[in-house]
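Chain and residue survey
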Amino acid sequence: MKISVIGCGRWGSFIAWYLDRREHEVTLYGRESSRHLKRFKEERTNGLITLPETVRLETELNKALESEVIIISINSQGLRALMQEMESLEVRNRTFVLCMKGMEISTGKRLTEVVEEYMDSSSAVAVWLGPGHVQEFYRGIPNCMVIDSSDEKVKEMLIESFSSDLIRFYYGNDLIGNEIGGATKNIIGIAAGMLDGLGLSSLKGALMSRGTREISRLMEAMGGNVLSAYGLCHLGDYEATVFSQYSHNRKFGESYVRGEEYSSLAEGYYTVEAIMKISEEHHVDLPICRAVYDVLFHGKDPGETLNSLFIRSLKEEF
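The rules we used
- Residues numbered from 1 in each chain as written.
- Predicted model: local features only at pLDDT ≥ 70, side-chain atom pairs only at ≥ 80, totals over all residues.
- Heavy atoms only, no water.
- Buried < 20%, exposed > 50% of the residue type's maximum accessible area, 1.4 Å probe, protein only.
- Helix = DSSP H or I, 4+ residues; strand = E, 2+ residues; numbered from the N terminus.
- Pairing = 2+ DSSP bridges.
- Right-handed = clockwise from strand over helix to strand, strands pointing away.
- Axes fitted to C-alpha atoms, helices over the stretch in contact; angles between N-to-C directions.
- Parallel < 35°, antiparallel > 145°, perpendicular 65-115°, else oblique.
- Left-handed = near helix turned anticlockwise from the far one by under 90°.
- Contact = heavy atoms within 4.5 Å.
- Nonpolar A, V, L, I, M, F, W, Y, C, P; charged D, E, K, R; others polar.
- Patch = residues over 30% accessible without salt bridge, like charges linked within 9 Å, V, L, I, M, F, W, Y side chains within 5 Å.
- Areas by Shrake-Rupley, 256 points an atom, 1.4 Å probe, with all protein chains shown as cover.
- Salt bridge = Lys/Arg side-chain N within 4 Å of Asp/Glu carboxyl O.
- Phe/Tyr/Trp six-rings, centres within 6.5 Å; stacked < 30°, edge-to-face > 60°.
- Lys, Arg positive; Asp, Glu negative; His and termini not counted.

Time to look at the pairing of strand E7 (residues 143–149). Within E7, 5 of the 7 residues are buried, which leaves it mostly tucked inside the rest of the structure. Bridge analysis of E7 against strand E8 (residues 167–171) gives 5 bridges, and the strand direction is parallel. Directly across from Val146, in E8, lies its bridge partner Tyr170. In this fold, E7 hands off to helix H7 (residues 152–162), which returns the chain to E8; that crossover is right-handed.

In this section: the packing of helix H8 (residues 175–197) against helix H11 (residues 248–257). Two measures define how a pair of helices packs: the angle their axes make with one another and the distance between the axes. Running from amino to carboxyl end, H8 crosses H11 at an angle of 40 degrees, the nearest separation of the two axes being 6 Å. Taken together, the axis directions place H8 and H11 in an arrangement best described as oblique. Between H8 and H11 lies a crossing whose hand is right-handed. Within the contact between the two elements, H8 uses Asn186, Gly189, Ile190, Ala192, Gly193, Met194, Asp196 and Gly197 and H11 uses Asn249, Arg250, Phe252, Gly253, Glu254, Tyr256 and Val257. Residue classes in the contact of H8 with H11 are distributed as 6 nonpolar, 6 polar and 3 charged.

Attention now moves to the pairing of strand E2 (residues 25–29). Counted residue by residue, E2 has 4 buried out of 5 residues, so it is predominantly covered. In terms of strand pairing, strand E1 (residues 2–6) meets E2 through 5 bridges, oriented parallel. Looking at E2, one finds that Lys2 is bridged to Glu25. Read from E1 through helix H1 (residues 10–21) to E2, the crossover connection turns out right-handed. At this point the chain moves from E2, through helix H2 (residues 35–43), to the parallel strand E3 (residues 56–58), and the crossover so formed is right-handed.

A contiguous nonpolar patch, built from Leu227, Tyr230 and Leu235 and spanning about 290 Å² of accessible area, is present on the exposed surface. Looking at where Leu227 falls in the secondary structure, it is placed in the loop between helix H9 (204–221) and helix H10 (238–243).

Quick look at the packing of aromatic side chains now. With the rule as written, the count across this model stands at 15 aromatic pairs. Look at Phe252 and Tyr269: their rings are 5.9 Å apart centre to centre, the planes differ by 80 degrees, and that puts the pair in the edge-to-face class. Here the residue Phe252 occupies a position in helix H11, and Tyr269 occupies one in helix H12 (residues 267–282), the gap between them amounting to 17 residues. Look at Phe252 and you get buried, because its relative accessible area is 12%. The exposure class assigned to Tyr269 is partly exposed, which follows from its relative accessible area of 29%.

Tracing the backbone shows Arg94 in the loop between helix H4 (79–87) and strand E5 (95–98). With no salt bridge to any partner, buried Arg94 finds its closest opposite charge in Glu66, at an N-O distance of 7.5 Å. Not counting residues within four places of it along the chain, the set of residues in contact with Arg94 comprises Leu65, Glu66, Ser67, Glu68, Ile70, Ser122, Ser123 and Ala124.

With that settled, the discussion passes to unusual backbone geometry. Non-glycine residue Glu90 carries a positive phi angle of around 50 degrees. What makes Glu90 exposed here is its relative accessible area of 57%. Of note in this structure, Asn93 is not a glycine but carries a positive phi near 50 degrees. Mapped onto the fold, Asn93 is located in the loop between H4 and E5. Look at Asn93 and you get exposed, because its relative accessible area is 54%.

Scanning all chains against the criterion turns up 22 salt bridges. Note that Lys101 and Asp237 form a salt bridge whose closest N and O atoms lie 3.1 Å from each other. In this pair, Lys101 sits in the loop between E5 and helix H5 (111–118) while Asp237 sits in the loop between H9 and H10, placing the two residues 136 residues apart along the sequence. What makes Lys101 buried here is its relative accessible area of 18%. On the basis of relative accessible area, Asp237 is assigned to the buried category, the value being 2%. Across the pair Glu280 and Arg290 runs a salt bridge, and its minimum N-O distance is 3.7 Å. Within this pair, whereas Glu280 is found in helix H12, its partner Arg290 is found in helix H13 (residues 287–298), the two being separated by 10 residues in sequence. Taking the relative accessible area as the measure of exposure, Glu280 reaches 52% and is therefore exposed. Here the salt bridges share partners, and the residues they tie into one network are Asp196, Lys204, Arg250, Glu254 and Arg258.

What follows covers the packing of H4 against H5. It is the contact of H4 with H5, at a shortest axis distance of 9 Å, that shows an interaxial angle of 20 degrees. Relative to H5, H4 is oriented roughly parallel. Crossing geometry of H4 relative to H5 is assigned as right-handed. Judged by residue contacts, Leu79, Arg80, Met83, Gln84 and Glu87 of H4 engage Leu111, Val114, Val115, Glu117 and Tyr118 from H5. Here the residues of the contact of H4 with H5 sort into 6 nonpolar, 1 polar and 3 charged.

If you want it as structure tokens, here you go:
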């Protein structure tokens, strides 16, 4: 297939490399001002992966949108502006695949809902979620991921076209739950990093157990399946998010409590603000998300706030 990847950061460039490896005709798009694309043009590498010459580099959005499948891997809060730009180009009969995790802060909407506001009825949208880091995939270490869509034929087409010995894709059957799980696991990753920074790493087991249960309640309240919290979109992604040295969200949380600057994108920072609004709308208690939010946005003491999570009033575990 002809596939364009919009977003030439760490994950977008990996996807371009991976789909080229699957022998698709791949274009990687970035804006003219993108330092990532500039480096790829000059060196064909970003320091993590090297793109073969078969991957076309593009700075004109209208040309990138000529492909039948459009994969989007950008900052979640920039998705609406991108879709507005696409709308003016009258894109038809495309499959949009979101390889990004988050919720829109201003509206509390899931990212597929944002796309559907601007997407023509002839097009479809899917999500690609789950564990894995560029550094490991590039070294040939395999993993499992999930693709979900409300359009069954699109889901089947993508899984058949994208699966390989490196990534085994599962069929998602809960778009709401998968999107929420993928977004919120980054919040749990920040909490895990904070525990690491405080020397409380032994509490990460409790964090994982209670975090999964917490998010399952949110999924149920929003119309999703509680079991999705235990799937690849959330619990299945914890190793890569809560423990890995490559996890941006974990690193951000650790750096934050240590008072160290961290410049890489940590989507959980934006997601937690959106999740707090959603939790109030749906009347769901999210103590871990609330703790992360209070530390990041209200300047509460990380040690006291996170410790309080595990010394709450006595209650049954389930």
